[in-house]
Amino acid sequence: MSAPTTNKKLLDWVAEITAMCTPDQVVWCDGSKEEYDRLMGEMVASGMAIKLNEEKRPNSYAFNSDPSDVARVENRTYIASVKEEDAGPTNNWIDPVELKATMSELYKGCMKGRTMYVIPFSMGPIGSPIAKNAIEISDSPYVVVNMHIMARVSTEVLRLIEKNDDFIPCLHSVGAPLEPGQEDSRWPCAPIEKKYIAHFPEENLIWSYGSGYGGNALLGKKCLALRIASNMARHEGWMAEHMLILRFTSPEGKKYHIAAAFPSACGKTNLAMLQSTVPGWKVETIGDDIAWMKPGPDGRLYAINPEAGFFGVAPGTSEASNPMALASCARDAIFTNVVVTPDLDVWWEDMGVECEGGTDWKNNPWKPGMKDKDGNKIKGAHPNSRFTARAELCPVICPDWEDPAGVPIDIFVFGGKRTSVMPLVHEAFSFEQGIYMGATASSEPTAAALDVGAKLRFDPFAMTPFIGYHAGDYMQHWFDMGETLGDKAPRCFYVNWFRKTDDGKWLWPGFGENSRVLKWMCDRVEGKVGARETPIGLMPIDGELTLDGLDIPASDWAELMKVDAEAFKATLADAKDYLAKFGAKLPAKMKEQMAALEKRLEA
Ligand code: SAT
Ligand code: MN
């Protein structure tokens, strides 16, 4: 196949990788439907993909991964900056020269017997001033079809690369060369000790080896749009954040844009597609995972969703929890590691529908309630099984979700999962206190035996595994952005949907009812409601956060709104311990925030 570009930089890079990886052939991708259908056809023929029932799940496919390759591998993920101190305490570091030597050895001949795909893609609407052009080279056809959904794969990107002579190179191999005559496995990958997810921030370069799953392999997502982009953003004066973006519109038609950061398993995708229970107020989705934000000409912060699809966790997605996500994958979707039913549809735990059985994610016959030899229930779908769905199919996708200029952010929301202490909602006194809230976002350790007695788990801005440089410098970048934005900075709030009573009952109904909290935030922005000052921030005045139609006893509400100064002192002490690991890079402004909070709690 002759190369469909004249860009020398790109041709040289492709030639260099071809010589190193020695694929049987090189295919330049164009993102067309024809290409998608052809690759799916080939994968169905090879047994890697299952074509689902055309009536029930049109144009959709299921895949099962190798049981060793089911999620991101954080302990094999590296920020290979030239200086170790630039990777900081939240990242693994290897000297880039050493890591390149190790990985080059692995890459040598690694695509033997395979096709090498060259995938031109844009993160963000093609040509948007906030978007980035990139090329992923991969030997996985599964990666190609997923990239078709998650990014904008197009030859138009080649035209932009020719014009700007610039792209972000992303190299990926599953790390499983084939000898002549050797039968391929259904999900080729390399053993864990050979997996590397490597980032070279000084070169804006990504090298991934050995895994075919999710963020390890779809390099536009966490590797580019968060780790590499966060580092570019800090130098270029913008922000790459692990945030959903939504539009919340009032009955009068006033639009508010909210960006929210939550650690995993806190319902980010559900909030992004929330169905409002506040009469007349409506949520529209712009993104469910990543926000790229830049100050606009009017000095406000404008956000785009760099992705084109959702790579959502399947288990727990139901008509009750997130009907909009279900609708998004009703057709044209890819499912990985779910149950395939005898009528060739999909199923997963807590989907809210009965299942008689089928083939589980390990390709074994499966029935609900089945137990292993130790008497433990066997799950049909892997807990990290996923749907890959086109954002445009989401029934509540915002009409402006692809606006190249982005949407102006009014509100930042931070949060974590805490069954006690943290109230339902509080607002920061200032943007700088908002940064403190984001930086100390925390969740309780799980009930797993090893965690008993453990301290809170901190996950600053839900970015711990995704900050592509020193986390102290990252926090300083937030303060710098605050200075740039001045009084145009978004208002900051902290929420906790997960409070429980002492006997384990949820205090707050959650899901669609969370819209009541969002409405209170918009009323605050609008100056329609006041707030009561507490040591930790500004909180709703009773009656001003609407509870109409909810059956919440006054005592439960009091509990949801309680600020226990002693408990907060303990949380602050934990936060100080955690932040100590940033050493001299902990911003002075963060220390000021901690001292001010301490003083307010003592008063
Ligand atoms: O596998 S991904 O990194 O894309 C999803 C996730 O872990 O959040
Ligand atoms: Mn995520």
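Structure shown above.
Here's a quick rundown of the structure. (Residues numbered from 1 in each chain as written. Chains lettered and ligands numbered in written order. Predicted model: local features only at pLDDT ≥ 70, side-chain atom pairs only at ≥ 80, totals over all residues. Heavy atoms only, no water.)

## Observations concerning the coordination of the manganese ion (ligand 2)
Okay, step 1: Around the manganese ion (ligand 2), the protein supplies Lys222 (NZ), His242 (NE2) and Asp289 (OD) as donor atoms, at distances of 2.1 to 2.2 Å.
Okay, step 2: Read in sequence order, the donor residues for the manganese ion (ligand 2) give the motif K-x19-H-x46-D. Taken together, the residues span a long stretch of sequence, with Lys222 in helix H7 (residues 220-236) and His242 in the loop between strand S11 (239-241) and strand S12 (244-249) at a distance of 20 residues. Judged on exposure class, the residue Lys222 and its partner His242 are both buried. (Donors = N, O, S within 2.8 Å, 3.2 Å for Na, K, Ca; no water. Helix = DSSP H or I, 4+ residues; strand = E, 2+ residues; numbered from the N terminus. Buried < 20%, exposed > 50% of the residue type's maximum accessible area, 1.4 Å probe, protein only.)

## Some points on the site of ligand 1
Okay, step 1: Close to ligand 1 lie Arg72, Gly214, Gly215, Lys221, Lys222, Phe311 and Arg386, which account for all nearby residues.
Okay, step 2: For ligand 1, an oxygen atom lies 2.8 Å from a polar atom in the backbone of Gly215.
Okay, step 3: Between Lys222 and ligand 1, the recorded distance is 3.4 Å, taken from a side-chain N or O atom to an oxygen atom.
Okay, step 4: Breaking the shell around ligand 1 down by element, the ones donating at least two residues are helix H6 (214-217) and H7. (Near = heavy atom within 4 Å. Polar contact = N/O pair within 3.5 Å; in protein donor to acceptor, adjacent residues only side chain to side chain.)

## Notes on the packing of aromatic side chains
The geometry of two aromatic rings is summed up by the distance between their centres and the angle between their planes.
Okay, step 1: Across all of its chains, the model carries 27 aromatic pairs by this definition.
Okay, step 2: Here the aromatic rings of Phe412 and Phe431 are separated by 6.3 Å at their centres, their planes lie at 40 degrees, and the arrangement is tilted. Linking Phe412 in strand S25 (residues 411-415) with Phe431 in helix H10 (residues 431-439), this pair joins segments that are 19 residues apart in sequence.
Okay, step 3: Judged by relative accessible area, which is 0%, Phe412 ranks as buried.
Okay, step 4: Ring pairing ties together the aromatic residues Phe412, Phe414, Phe431, Phe461, Tyr469, Tyr474 and Trp478, which thus form one cluster.
Okay, step 5: Over the aromatic face of Tyr61 sits the side chain of Lys51, whose NZ or CZ is 5.4 Å from the ring centroid.
Okay, step 6: Stacked on the ring of Trp506, the Lys or Arg Lys500 has its end atom at 4.4 Å from the ring centre. (Phe/Tyr/Trp six-rings, centres within 6.5 Å; stacked < 30°, edge-to-face > 60°. Lys NZ or Arg CZ within 6 Å of the ring centre and 35° of its normal.)

## Brief notes about the sheet that holds strand S15 (residues 291-295)
Okay, step 1: Here four strands make up an open sheet; going across it, the order is S11-S15-S16-S24 and the pairing antiparallel. Of all strands in the sheet, those with a lone pairing partner are S11 and strand S24 (407-408), marking the two edges.
Okay, step 2: The pairing of S11 with S15 spans three bridges and is antiparallel. Bridge pairing in S15 places Met239 opposite Met293.
Okay, step 3: In the packing of H7 onto the sheet, the strands contacted are S11 and S15, and the crossing angle to S11 comes to about 155 degrees.
Okay, step 4: On top of the sheet, helix H11 (residues 471-485) reaches S11, S15 and strand S16 (301-304); it is set at about 125 degrees to S11, its chief contact. (Pairing = 2+ DSSP bridges. Contact = heavy atoms within 4.5 Å. Axes fitted to C-alpha atoms, helices over the stretch in contact; angles between N-to-C directions.)

## Some thoughts on the layout of surface pockets
Okay, step 1: Approximately 470 Å³ is the volume found for the second largest pocket.
Okay, step 2: Lining the second largest pocket we find 23 residues, and of these Met43, Ser46, Arg114, Pro141 and Asp184 sit closest to its centre.
Okay, step 3: Elements that contribute at least two residues to the lining of the second largest pocket include exactly strand S1 (25-28), helix H2 (33-46) and strand S5 (115-123).
Okay, step 4: The leading source of residues in the lining of the second largest pocket is H2, at five residues.
Okay, step 5: Of the residues assigned to the lining of the second largest pocket, the class counts are ten nonpolar, six polar and seven charged. (1 Å grid on protein atoms, 1.4 Å probe; cavity = no way out; pocket = protein on both sides within 12 Å on 5 of 7 lines; lining within 4 Å. Points joined across faces, edges and corners; volume = space filled by probe spheres on them. Nonpolar A, V, L, I, M, F, W, Y, C, P; charged D, E, K, R; others polar.)

## Some thoughts on empty space enclosed by the protein
Okay, step 1: Within the structure shown, the criterion is met by two cavities of 30 Å³ or more.
Okay, step 2: The space that makes up the largest cavity amounts to roughly 150 Å³.
Okay, step 3: Lining the largest cavity are 14 residues; nearest its centre among them are Met422, Tyr436, Thr440, Phe568 and Leu597.
Okay, step 4: Mapped by element, the contributors of at least two residues to the lining of the largest cavity are H10 and helix H14 (565-579).
Okay, step 5: A per-element tally of the lining of the largest cavity places H14 first, with four residues.

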